[in-house]
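# Breakdown of the fold
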Amino acid sequence: MKTSNETQNILLIGTSDFAVPIFESIANDQRFYIVGVITQPDKPAGRKKELKESPVKEWSKTKSILPLQPESLKDGSIDEQVKKMNADVALVVAYGKLIPDDLLNMPKFGTANVHPSLLPEYRGPAPIQYAILKGNHKTGTSVMLIDEQMDHGPLLTQMEYKLSGNETYQELSDTLSRLSANIVPEALSLYINGTLKPVEQNHNKATFTKMITSNDGSLFWEKDAVSLGRRIRALNPEPGTYCMIDGKRLKIKHARNIGRDGKPGEYFEHEGSLAVQCGGDALVLDEVQPEGKKWITGEQYLNGYGLPK
RNA sequence: CGCGGGGUAGAGCAGUUGGCAGCUCGGGAGGCCCAUAACCUCCAGGUCGUCGGUUCGAGUCCGACCCCCGCAA
């Protein structure tokens, strides 16, 4: 077994923004040497379908690393290349594709994963959003070893984070990413030198999340303003929340809860801004975006469009 | 050639069959009031995205281009 002052060869596997600060902290840590990066292929994105590189790919280029971008890991197309990397450990963060067992087991010490929840709570694809949606007072991030089941492997370490009740998905994601970046190198290092023993999760307490889609962004004003407010924050900025006015979509970026009774779905003016009555309390819509338009304030909306019927 | 909306005053919008360019905010001046972010009066401010075409006349019709955005991926 290697000692802690030896440099470990590490393979980084990830795609989204969430992974970048974590990978950066690995890159800046003398205990690790990055032998390779795997990220998703460039994909057509946006209206013009221009190929877009993943945030991890952009990051890796700043480190002069050319990432592998296989369409699939299951066909074994990159197995040989990965084997040659001679990785001691692999770290998966927000990769977005299934990684087959033989690849997971290729590194001597296996493959670790960062999951932004207090596992076994919120396994699955949307842990950050769920923490906000459910109105939790705390969440956190977990570092674990990947096993054969989704977010099921033994834990290396966790860190709690207290929620203010005002954070958006984007903000919480950034925060948990930075928190993770602080603890991942140490946890991996202690695990590799044998100081840190993986602890099995309490599987009886496991809860699961489902992928958030744009359909989840539809707001029903019959619901209470508190849960609607959570939804608006949990889906901000992606995929975003919206309601329909006059057959057109109105996206809602930011809303404020005010105490008020009335008929749900009724729009009214509140201190010059657009507001809507909900099932319990009401929401002031501070920042909205009419279909095909730019983001505007609720006040600008009223000036231009007037009060919806 | 994925579908679609839009570029008009500092901001957000309207502009009907082509015929003097408007609304709500904001800005300025004045007034009312014990006072006000409230109310009243008046004022300023627009090469109507760009280029070309049709026409006596184009924000409006035709063509090309630039930019912004929603959906879908």
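Residues numbered from 1 in each chain as written. Chains lettered and ligands numbered in written order. Predicted model: local features only at pLDDT ≥ 70, side-chain atom pairs only at ≥ 80, totals over all residues. Heavy atoms only, no water.

It is worth spelling out the environment of Leu 98 at this point. Its location among the elements puts Leu 98 in the loop between β5 (89-93) and α4 (101-104). Residue Leu 98 is classed as exposed on the basis of its relative accessible area, which comes to 61%. Ignoring anything within four residues of it in the chain, the contact list for Leu 98 reads Leu 73 and Lys 74. (Helix = DSSP H or I, 4+ residues; strand = E, 2+ residues; numbered from the N terminus. Buried < 20%, exposed > 50% of the residue type's maximum accessible area, 1.4 Å probe, protein only. Contact = heavy atoms within 4.5 Å.)

Attention now moves to the protein's contact with RNA strand B. Within the structure, RNA strand B sits among 19 residues, and Arg 47, Gly 292, Gln 300, Gly 304 and Tyr 305 are positioned closest to it. Counted by atom, the contact set of RNA strand B within 4 Å of the protein is 63% sugar and phosphate. Between RNA strand B and Arg 47, the relevant distance is 2.7 Å, taken from a base nitrogen to a side-chain nitrogen or oxygen of the residue. In the environment of RNA strand B, a phosphate oxygen lies 3.3 Å from a nitrogen or oxygen atom belonging to the side chain of Ser 214. Contributing elements (two or more residues each) for the surface near RNA strand B: β3 (43-45), β10 (248-258) and α8 (298-305). (Near = heavy atom within 4 Å. Polar contact = N/O pair within 3.5 Å; in protein donor to acceptor, adjacent residues only side chain to side chain.)

Let us look at the side chain of Asn 9. With respect to the secondary-structure elements, Asn 9 resides in strand β1 (residues 8-14). One polar contact links the side chain of Asn 9 to the main-chain carbonyl oxygen of Asn 86, over a distance of 3.3 Å. Non-local contacts of Asn 9, meaning those with residues more than four positions away in its chain, are made with Tyr 33, Val 35, Met 85, Asn 86, Ala 87, Asp 88 and Val 89.

Quick look at the pattern of salt bridges now. Under the counting rule described, the total for this entry stands at 10 salt bridges. Between Glu 24 and Lys 63 there is a salt bridge, and its shortest N-O distance comes to 3.2 Å. Residue Glu 24 is found in helix α1 (residues 19-27), and its partner Lys 63 is found in the loop between α2 (55-62) and α3 (79-85); the two are separated by 39 residues along the sequence. Residue Asp 88 pairs with Lys 108 through a salt bridge whose shortest N-O separation is 2.8 Å. A residue pair is termed long-range when its members are at least 10 positions apart, and Asp 88 in the loop between α3 and β5 and Lys 108 in the loop between α4 and β6 (111-115) qualify at 20 residues. On the accessibility criterion, Asp 88 (0% relative accessible area) is buried. Lys 108 sits in the exposed class, given a relative accessible area of 53%. (Salt bridge = Lys/Arg side-chain N within 4 Å of Asp/Glu carboxyl O.)

Attention now goes to the packing of α1 against α2. Two elements in contact, α1 and α2, have axes whose closest approach is 9 Å; the angle formed by their N-to-C orientations is 25°. Between α1 and α2, the interaxial angle falls into the category roughly parallel. As α1 packs across α2, the resulting crossing turns out to be right-handed. Residues Ala 19, Val 20, Phe 23, Glu 24 and Ala 27 of α1 form the contact with α2, whose participating residues are Pro 55, Val 56 and Trp 59. (Axes fitted to C-alpha atoms, helices over the stretch in contact; angles between N-to-C directions. Parallel < 35°, antiparallel > 145°, perpendicular 65-115°, else oblique. Left-handed = near helix turned anticlockwise from the far one by under 90°.)

Each assigned domain of chain A is listed here: domain 1 (8-205) and domain 2 (214-305). On a C-alpha basis, the centroid separation for the pair domain 1 and domain 2 is 34 Å. Taking both partners together, domain 1 and domain 2 bury about 810 Å²; carbon and sulfur atoms supply 59% of that area. Of all residues in domain 1, Ile 132, Leu 133 and Tyr 169 bury the most surface against domain 2, accounting for 51% of the area lost on that side. For the interface between domain 1 and domain 2, the tally reads zero salt bridges. Taken together, the connections running from domain 1 to domain 2 amount to five residue pairs in polar contact (both at pLDDT 80 or more). The set of elements that each furnish at least two residues to the side of domain 1 that touches domain 2 consists of α5 (127-133) and α6 (169-192). (Domains from an automatic or database assignment. Buried area = accessible area lost by both parts, 1.4 Å probe.)

The next subject is the nonpolar core. Proteins that are soluble and globular tend to have nonpolar side chains buried together. If you look at the biggest cluster of nonpolar residues, it comprises 42 residues, and the most contacted ones within it are Ile 10, Leu 12, Ile 22, Phe 23, Ile 26, Leu 91 and Leu 188. With nine residues, the top contributor of residues to this core is α6. Every residue in contact with Ile 22, bar those within four places of it in the chain, is listed here: Leu 91, Val 93, Val 114, Ser 177, Ser 180, Ala 181 and Val 184. Core analysis: the next-biggest nonpolar cluster, separate from the first, contains 20 residues, Tyr 267, Val 276, Leu 283 and Leu 285 among them. (Core = buried A, V, L, I, M, F, W, Y, C linked by side-chain atoms within 4.5 Å.)

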